[in-house]
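# Close look at the chain arrangement
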Amino acid sequence: MTLPPETVPAAGQWDAAVAAVRALGGDAEIQLVCHVSPDGDALGSMLGFGLGLRRLGYTRVRATFPGKFTVPTPYAELPGVDLLVPEADAYPAPALVLVFDVAGESRLGGLAARVAAAPVSVVLDHHASNTGFGTIRLVDPRAAATSVLAEQFVARLGVPLDAEIAECFYVALATDTGSFKFDMTTVAVHELAARLIATGLRPGDISRRIFDSRPFGAMKLTGEVLGRAVLEPAAAGGRGLVWTYATLADLARHDQPPYVLDTLIDPVRSVAEADVSVLVRQVAEREWAVSLRSKGAVDVSRLAVSQGGGGHRLAAGFTGFGEPRDVVDIVRRLLDDFLN
Ligand code: AMP
Ligand code: MN
Ligand code: MN
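Summary of the structure given here. (Residues numbered from 1 in each chain as written. Chains lettered and ligands numbered in written order. Predicted model: local features only at pLDDT ≥ 70, side-chain atom pairs only at ≥ 80, totals over all residues. Heavy atoms only, no water.)

### Overview of the coordination of the manganese ion (ligand 3)
Going by this rule: Donor atoms are limited to N, O and S found within 2.8 Å of the metal ion, a distance that becomes 3.2 Å for Na, K and Ca. With water left out, some sites might look partial. Working definition: helices are DSSP H or I runs of at least four residues, strands are E runs of at least two. Numbering for both runs from the N terminus. Residue exposure (1.4 Å probe, protein chains only): buried if accessible area is under 20% of the type maximum, exposed if over 50%, otherwise partly exposed.
Taken together, Asp41 (OD), Asp101 (OD), His126 (NE2) and Asp176 (OD) make up the full set of protein donors to the manganese ion (ligand 3), lying 2.1 to 2.3 Å away. Taken in chain order, the donor set of the manganese ion (ligand 3) reads D-x59-D-x24-H-x49-D. In this model, the manganese ion (ligand 3) sits 3.8 Å from the manganese ion (ligand 2), the two metals being bridged by Asp101. Of this pair, His126 sits in the loop between β4 (121–125) and β5 (136–139) while Asp176 sits in helix α5 (residues 163–176); the two residues are 50 residues apart in sequence, bridging distant segments of the chain. Its relative accessible area of 1% is what places His126 among the buried residues.

Shown next as structure tokens:
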């Protein structure tokens, strides 16, 4: 997709977003929302922005996400976590809602109606598949992370970066770029990282906490799930498919929470013999969170969107039903359709 720079976000949207915040009194209720099963970008962009609102003197700011109120351990000590409340404690009728890293309303679960009913909803996102919801839209599919947009927004509101806000945005940027490895890792991304680090961050400490620390049980679980991976060299028009799955029973056996599987697609997608990789994670009886990755031959976001999901060209996901084999059958068939 090539868009002229001035169209993303569309003209007037930044001014409208800044005006929407400035129109509020210091005691207005502001609700921040990110996607279900939040990752580093969802939490980091939301909490960093929430801290920015605090610096401006807004006293009633809450942050939440739909579903079970579990913050993955790597993010449990992010600055601003005290802004987080369970979905049930979100403001019922906030004056302003801001939505972070949410590709579509299906990722908002029970909070979708709250967002739709808000007098003003500002959507900050970078998914190519973003469905177009929200009244003010700061959506740039070329941004490496939602935190790129959140940082611009905070700057436009006149809040100087400090180490707490910067840590949130840095964690978001580092996670969504795969530690500054993915295609979206531009000069501008490194410039932003430099400005964030310049506030006094210690990238080594942050990386150890976010990427290089996990319970022994999670490591053992990873070993089992990788051990059952299947390579299909003829699939995806001969470009190769590799897939594996993890069940709720696997998690229970190792006494691990679901988030420990969030990055398990990474070793799977490293398989050289396959362009496309799939991780099928059980969410409930016959319901699975499907992660798709491509090395470049396939636009997996198209595939995910056709199944009601979304994402980016080389990293996407959807909800699948049945058994893992049923889900992989669908992926295999869609790959054939898309490549022919
Ligand atoms: P994941 O495989 O969970 O790491 O997700 C990869 C990308 O796809 C992320 O940008 C997600 O936001 C997006 N994604 C994953 N699952 C869904 C879904 N069910 N609906 C929309 N987008 C999704
Ligand atoms: Mn995300
Ligand atoms: Mn993101």
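### Describing the site of ligand 1
The test is simple: One heavy atom within 4 Å of a molecule or strand is enough for the residue carrying it to be called near that molecule or strand. We define a polar contact as two N or O atoms separated by no more than 3.5 Å, with the added condition that, inside protein, one atom must be a possible hydrogen donor and the other a possible acceptor, whereas residues neighbouring each other in sequence contribute only through side-chain atom pairs. We get accessible surface area from the Shrake-Rupley algorithm with a probe of 1.4 Å; when it comes to residues, only the shown protein chains can shield them. Throughout this entry, Asp, Glu, Lys and Arg are counted as charged residues, while Ala, Val, Leu, Ile, Met, Phe, Trp, Tyr, Cys and Pro are counted as nonpolar. The remaining residues, Gly among them, count as polar.
The full set close to ligand 1 counts 13 residues, and His127, Ser291, Arg293, Gly310 and His312 are the nearest of them. Contacts to ligand 1 include Arg293, whose side-chain N or O atom sits 2.8 Å from an oxygen atom. Measuring from an oxygen atom of ligand 1, one finds a side-chain N or O atom of His312 at 3.1 Å. In isolation ligand 1 offers 480 Å² of accessible surface; the protein chains occlude 82% of this area. If you list the elements that add at least two residues to the shell around ligand 1, you get β9 (287–294), β10 (310–311) and β11 (315–321). The element best represented in the shell around ligand 1 is β11, accounting for 4 residues. Of the residues assigned to the shell around ligand 1, the class counts are 3 nonpolar, 7 polar and 3 charged.

That's the geometry; what it means functionally is another story.
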